[in-house]
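Listed below, chain by chain, are the residues.
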Amino acid sequence: MSNKTSNSKRVADNNRAEELKEPKVNRDGKIDTTVNEDALEASPNTRNLSGWMRYTFMTIAVVGALYHLYILNLNPIDPWIFRSTHLLFGTVLALLLYKGWKTESNKVSILDWIFILTAIFVGYYIYANLNQLVFRFGVAPTTMDVIVATLGLLLVLEITRRTSGWILPILAFIFSAYVFLGPWLPGFMNHNGYSFERFVTYIYGLDGVFGVTTDVSSKYIILFIIFGAFLQMSGVGQYFMNVAFRVAGGMRGGPAKVAVFSSGLMGMINGTSAGNVVATGSLTIPLMKKTGYNPRFAAATEATASAGGQLLPPIMGAGAFLMAEITGMPYSEIILAATIPALLYFISIYFMIDFKAIKDGLKGLKREQLPELKYILKKLYLFIPIILLIGLLVSGFSVIYAGTIGIIACFVISLFSKETRMSFKNILEALELGMKNALQLIAIVACAGFIVGVIALTGVGQRFSSMLLSIADNNMFLALLFAMALSIILGMGMPTTAAYAVAASVVAPGLISMGMEPILAHMFVFYYAVISAITPPVALAAFAAAGITGTNPMKTSVTAFQIGIAAFIVPFMFFYSPELLLLSDSAGAIALAVVTAIVGIYLLAASVQGWFFGRKAPIYVRTILLIGALFFMVSGLISDIAGITVIVIAMVIQKFLKKSDPPQNVTQQEVSSM
């Protein structure tokens, strides 16, 4: 066949693949592993800026990124000034980029310019009156203080609505209503109420919007999102995907395992599960479908893996930084404590999809279709920024220093190859991309600060702690269930960072008052804040994945819940097996707890997927396996012996069952014909 004919066929195949949302094939016959990076920054309600507006946006974004790097590393200023300018940059850029309503026009409206001028006025007012506002806000505000605070809060709600939808602003309105309705509410919800003047100035102060959430956003989140943008522009993000395909693509059901690997790595960095689903899922989901996974399972796998990226150290989608700031614990301790639970989460997903692949007889991709091992090894140096970052953090260097060095390392390693070399233009684009990708998080942490401020003002968090403590006196397990349910409900429909910030203010203090270690309590609520993204009825990550496959969003979220079911149990394991968070001086106890937890997760996956001991498992065997899984997930000799006994019973039953029909194998020929 001539080259011209071959090229024509390849182009035709790729056009057809685009129409059917199928994976593309490169000139050399290999799967195109290019990540849809635009999806990380794109949103259906963003403007396509052009002309002078495009350059205006880029200039403000680049100046904003450089401003943050300068202040963080070279010239610290007053925290309130820094946080207010951080929010000002985010507000102006969000108003320029995000549309306020559905429209085909990409023009920035007059109303948006009024909002922008208002935001600048509010920021200047704080700067010009800082010395007086420290004593007046929330205590004895002037009329102008109240006006400025009210305008500032409305702007926060507006940019949150534009970037993240209505859920978080509505929740903020509900909490605001609680401030004024308190005198008429019964029981522990009752309080004396507050004036409007005190409410708005307190919330728009250092205990609310400019409190711990915006502090973390301005110091850490923005830094690591810029770091992620440099990873993206220097080719490291794409290299992650190539490594994932080389390692897992050839295994049975390989594309699903690629999704687990790549989405975990990418999700750790970009800090948004739904955005990560669209970015990596646009590649992995079609591949899973072609390998033989049904569309709903493929979408659910991608959603579950992307959500899990927020649990993966060292970045944890910015959650680790917020946890360190709230608890006062060293950052290095938090990421070490989070390591084993994160591995358990991804191991559980791996078992789920592996059992599904065995049960359905699914194969992997042909080795010839995967990135060359020689290429992977040749580009191994691209891991240097991540390795350097982890090394500096574990060695005790500050998060800001480690993140800045990571950014510089991305630029330096990009110079090693013409393929990845960053020009001056690429550097400006990376700085712009960092600020653009940070806009949603800047908005949601400010809005989360709104809610946290209400909790602090009314004292409802302390009242909830007392209620949780009274429940625990009767039944500790029931108290944990209640805390789990509340953490998930508070997190539904919200990005991870905001969900954790709210849950940490309401639920975590109650768990600590029950006697739990602070790291244990915060990790407990953090896990449920994360997996709210795959929990029906409002599962953002699952809904995003369903949009790619065209499957029913609710049914997809139920399947994602089943695949990630271990994540609903692992936090309870923290309490009953604290060794999993390294809360033990015995290395042997930690090792035993990890091994038994993995066995428990394996049995849980076998139970959910209905496959054990080489054949399908009937419902009663699946029930036995579930009981055995729970025994192994609790640390202790007696529970381990009980778990072993249950496994033996299940194996004996399976041994004497009639052999099930063999799965419908998908031939390698069929897989390679994609």
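Please refer to the structure higher up on the page.
Residues numbered from 1 in each chain as written. Predicted model: local features only at pLDDT ≥ 70, side-chain atom pairs only at ≥ 80, totals over all residues. Heavy atoms only, no water.

**Some details on empty space enclosed by the protein**
Enumeration over the complete set of coordinates arrives at two cavities of 30 Å³ or more. Of the voids in this model, the largest cavity is the one considered here, and its volume is about 100 Å³. Every residue lining the largest cavity is counted, 13 residues in all, and those nearest its centre are Leu87, Thr91, Ala119, Val122 and Tyr204. When contributions to the lining of the largest cavity are tallied by element, the ones reaching two or more residues are helix H4 (79-97), helix H5 (110-128) and helix H7 (143-164). When the residues that make up the lining of the largest cavity are grouped by side-chain class, the tally is nine nonpolar, four polar and no charged. (1 Å grid on protein atoms, 1.4 Å probe; cavity = no way out; pocket = protein on both sides within 12 Å on 5 of 7 lines; lining within 4 Å. Points joined across faces, edges and corners; volume = space filled by probe spheres on them. Helix = DSSP H or I, 4+ residues; strand = E, 2+ residues; numbered from the N terminus. Nonpolar A, V, L, I, M, F, W, Y, C, P; charged D, E, K, R; others polar.)

**What to know about the nonpolar core**
With 222 residues, the main nonpolar core has Tyr204, Val209, Leu511 and Met523 as its most contacted residues. It is helix H20 (residues 424-458) that contributes the most residues to this core, 18 residues altogether. Dropping the residues within four chain positions of it, Tyr204 is found in contact with Trp80, Leu87, Val122, Ile126, Phe137, Ala149, Gly152, Leu153, Val156, Val209 and Phe210. With nine residues, the next largest nonpolar core counts Met241, Ala244, Ala248 and Leu283 among its residues. (Core = buried A, V, L, I, M, F, W, Y, C linked by side-chain atoms within 4.5 Å. Buried < 20%, exposed > 50% of the residue type's maximum accessible area, 1.4 Å probe, protein only. Contact = heavy atoms within 4.5 Å.)

**What to know about the packing of helix H3 (residues 51-73) against helix H10 (residues 212-233)**
Packing of H3 against H10 leaves a shortest axis separation of 10 Å and a crossing angle of 125°. For the element pair H3 / H10, the angle class is oblique. As for the relative orientation of H3 and H10, their crossing is left-handed in sense. For the pair H3 and H10, the contacting residues are Ala65, His68, Leu69 and Leu72 in the first and Ser218, Lys219, Ile222, Leu223 and Ile226 in the second. Class assignment of the residues belonging to the contact of H3 with H10 gives a composition of six nonpolar, two polar and one charged. (Axes fitted to C-alpha atoms, helices over the stretch in contact; angles between N-to-C directions. Parallel < 35°, antiparallel > 145°, perpendicular 65-115°, else oblique. Left-handed = near helix turned anticlockwise from the far one by under 90°.)

**Things to note about the environment of Val530**
Residue placement: Val530 occurs in helix H25 (residues 518-531). In this structure Val530 comes out as buried when scored by relative accessible area, which is 2%. Separated by 48 residues in sequence, Val530 and Pro578 place their C-alpha atoms 20 Å apart.

**Considering the pattern of salt bridges**
In the structure shown here, the tally under the stated rule is 13 salt bridges. The partner of Arg83 in a salt bridge is Asp215, with the nearest N and O atoms 3.4 Å apart. A residue pair is termed long-range when its members are at least 10 positions apart, and Arg83 in helix H4 and Asp215 in helix H10 qualify at 132 residues. The two residues Arg83 and Asp215 agree in class, both being buried. Note that Asp354 is salt-bridged to Arg252, the shortest N-O span being 2.8 Å. Of this pair, Asp354 sits in helix H16 (residues 331-360) while Arg252 sits in the loop between helix H11 (236-248) and helix H12 (254-270), and the two are 102 residues apart along the sequence. With a relative accessible area of 11%, Asp354 lands in the buried category. Overlapping salt bridges, with partners in common, bring together Arg47, Asp112, Glu158, Arg161 and Arg162 in one network. (Salt bridge = Lys/Arg side-chain N within 4 Å of Asp/Glu carboxyl O.)

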